Structures are given as C-alpha cells and as structure tokens.
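In case you want the letters, here they are:
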Amino acid sequence: DTVPVGNHRYSGSFAGFVGIADVSEAFNSAQVVRASDGKTAVHVLCGSPQRVARTSGEILKLMLRTADLEALDRAGKTALHYACYCNQTAIVDKLVRVHVNVDCTVQSRVRGDFYDGCTALHVAAQEGHWQVVTTLLKAGAVVDVVDGSGYTPLTRTLLRQKEVSQMEPKTPEL
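Bear in mind that the values here come from a model prediction, so they are computed numbers and not experimental data.

Conventions adopted
Residues numbered from 1 in each chain as written. Predicted model: local features only at pLDDT ≥ 70, side-chain atom pairs only at ≥ 80, totals over all residues. Heavy atoms only, no water. Helix = DSSP H or I, 4+ residues; strand = E, 2+ residues; numbered from the N terminus. Buried < 20%, exposed > 50% of the residue type's maximum accessible area, 1.4 Å probe, protein only. Contact = heavy atoms within 4.5 Å. Polar contact = N/O pair within 3.5 Å; in protein donor to acceptor, adjacent residues only side chain to side chain. Salt bridge = Lys/Arg side-chain N within 4 Å of Asp/Glu carboxyl O. Axes fitted to C-alpha atoms, helices over the stretch in contact; angles between N-to-C directions. Parallel < 35°, antiparallel > 145°, perpendicular 65-115°, else oblique. Left-handed = near helix turned anticlockwise from the far one by under 90°. Nonpolar A, V, L, I, M, F, W, Y, C, P; charged D, E, K, R; others polar.

Caption draft 1: Up close: the overall build of the protein. Helix and strand counts for the protein stand at 9 helices and 2 strands. Each helix and strand of the protein, ordered N terminal to C terminal, gives the series β-β-α-α-α-α-α-α-α-α-α. Each of the 174 residues in the protein was classed as buried or not, and the buried ones make up 46%. Within the protein, counting contacts between residues at least 6 apart in sequence, those at least 24 apart form 61% of the total.

Caption draft 2: Up close: helix H7 (residues 120-127). Of all 8 residues making up H7, 8 are buried, and the element is well covered by its neighbours. When we look at burial in H7, the residues that qualify are Ala120, Leu121, His122, Val123, Ala124, Ala125, Gln126 and Glu127. Contact partners of the buried residues in H7: helix H5 (79-85), helix H8 (130-138) and helix H9 (153-167). The positive-phi residue at the C-terminal boundary of H7 is glycine 128, with phi of around 75°.

Caption draft 3: Representation of the side chain of histidine 129 in the model. Secondary-structure assignment places histidine 129 in the loop between H7 and H8. Since its relative accessible area comes to 14%, histidine 129 is described here as buried. A distance of 3.1 Å separates a polar side-chain atom of histidine 129 from the backbone oxygen of tyrosine 85. With residues up to four places along the chain from it excluded, the contact list for histidine 129 reads Cys84, Tyr85, Asn87 and Ala124.

Caption draft 4: Quick peek at the pattern of salt bridges. Taken as a whole and judged by the stated rule, the model has 2 salt bridges. Notably, a salt bridge pairs aspartate 93 with arginine 97, separated by 2.8 Å at the nearest N-O pair. Note that aspartate 93 and arginine 97 are positioned in helix H6 (residues 89-97) at a spacing of 4 residues, about one turn of the helix. As a salt-bridge pair, aspartate 147 and arginine 156 come within 2.6 Å of each other at their nearest N and O atoms. Across the pair, arginine 156 and aspartate 147 agree in class, each one buried.

Caption draft 5: Representation of the packing of H7 against H9 within the structure. Taken N-terminus to C-terminus, the directions of H7 and H9 make an angle of 15°; their axes are 8 Å apart at the nearest point. What the angle tells us is that H7 and H9 run roughly parallel. In the packing of H7 onto H9, the handedness of the crossing is right-handed. Contact residues: Leu121, His122, Ala125, Gln126 and Glu127 in H7; Pro153, Arg156, Thr157, Arg160 and Glu163 in H9. The residue makeup of the contact of H7 with H9, split by class, is 3 nonpolar, 3 polar and 4 charged.

Caption draft 6: Local environment of unusual backbone geometry. A positive phi angle, close to 60°, is found at asparagine 87, a residue other than glycine. Classification of asparagine 87 as partly exposed rests on a relative accessible area of 35%. The backbone of histidine 99 shows a phi angle near 65°, a positive value even though the residue is not glycine. Its place among the elements puts histidine 99 in the loop between H6 and H7. The exposure class assigned to histidine 99 is exposed, which follows from its relative accessible area of 68%.

Structure below.
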C-alpha cells in the first residue's frame, strides 16, 4: 500500500511520516525508504517548511542522528540543498552542526540542469537567503567553487541582484 502526498507516493513505514506518528520506525529500520523520485524523509522535510513546523524537536533529532543526511535523490540533490532552497535556516544550522558536507554538489542527471554542480552555498546565494548563506560561510563553505554553468556563489548572487533590479519598477526622473 502507498500513501499519496503531493506529487509523492510513500510506502511501508515511510507512509507513517505523513502523519508523523511512526517516523521513528522509519528511521530506526535498517531499510532506507525512498519515494519514487528518490527522496528520503529528510529530503521531504527539508523541502517543506510546513512539515518542519508540524514536526517535533525529538523527531528532528532522531532524523539527524539516524538518517543518511548526504543521500542524493534522483535529481542529484541532498537534504541540505533542499533546506537551502527553501530558506530553512534552523534546519541548515542543525545539518551543519552534525557536519554534513556543505560543499557537496548537485549531481544532476539532466543535461543543462540549472543547479548542476551547485553547492548549498550556490543555492542559498541564488535564492537570496542571506541567513542561510551566513550559516554556510560560518561552517566553512568554499566560496570559489564553480558550478556546472561556470558560476561561483558570488556570481549567482550578482545575477540574482540583476534579475531583481530589472523587475523593480523604475522611479521616473524629475
């Protein structure tokens, strides 16, 4: 039996994650349970601020202690990449405290993927999540890594600033 949640279908003990009740069973089992897109419960949690808000601190501690925090989903992303993309500052802080690899790169299987080769710092900088950027820098993230598009995190920041400034209405000159 599977349980649908958004675009994902979960089975076995992972289906209990939807209701949060049986999440400890999912993480204490020897089997790593994944959705059809390769996401683990940690990927899903890091990519969903709503789930983090509903998840108890004890469950988060259990996840951080027992889950494979550097597992890649089918898109080649880790839980840290999702947490950075979704501006999950508290989760990013918890992940760096348990020493996840902050310089792990997205290993996309899709040619030309926008995030291919990006580190967590690239993702946070691209999205303009400055508290997350600060957390990653304090954790020792490398600042001069070049992603699959040839950009450093600073270059992605500058490109984002240019995009934002082009969207802002211009004040007419007097």
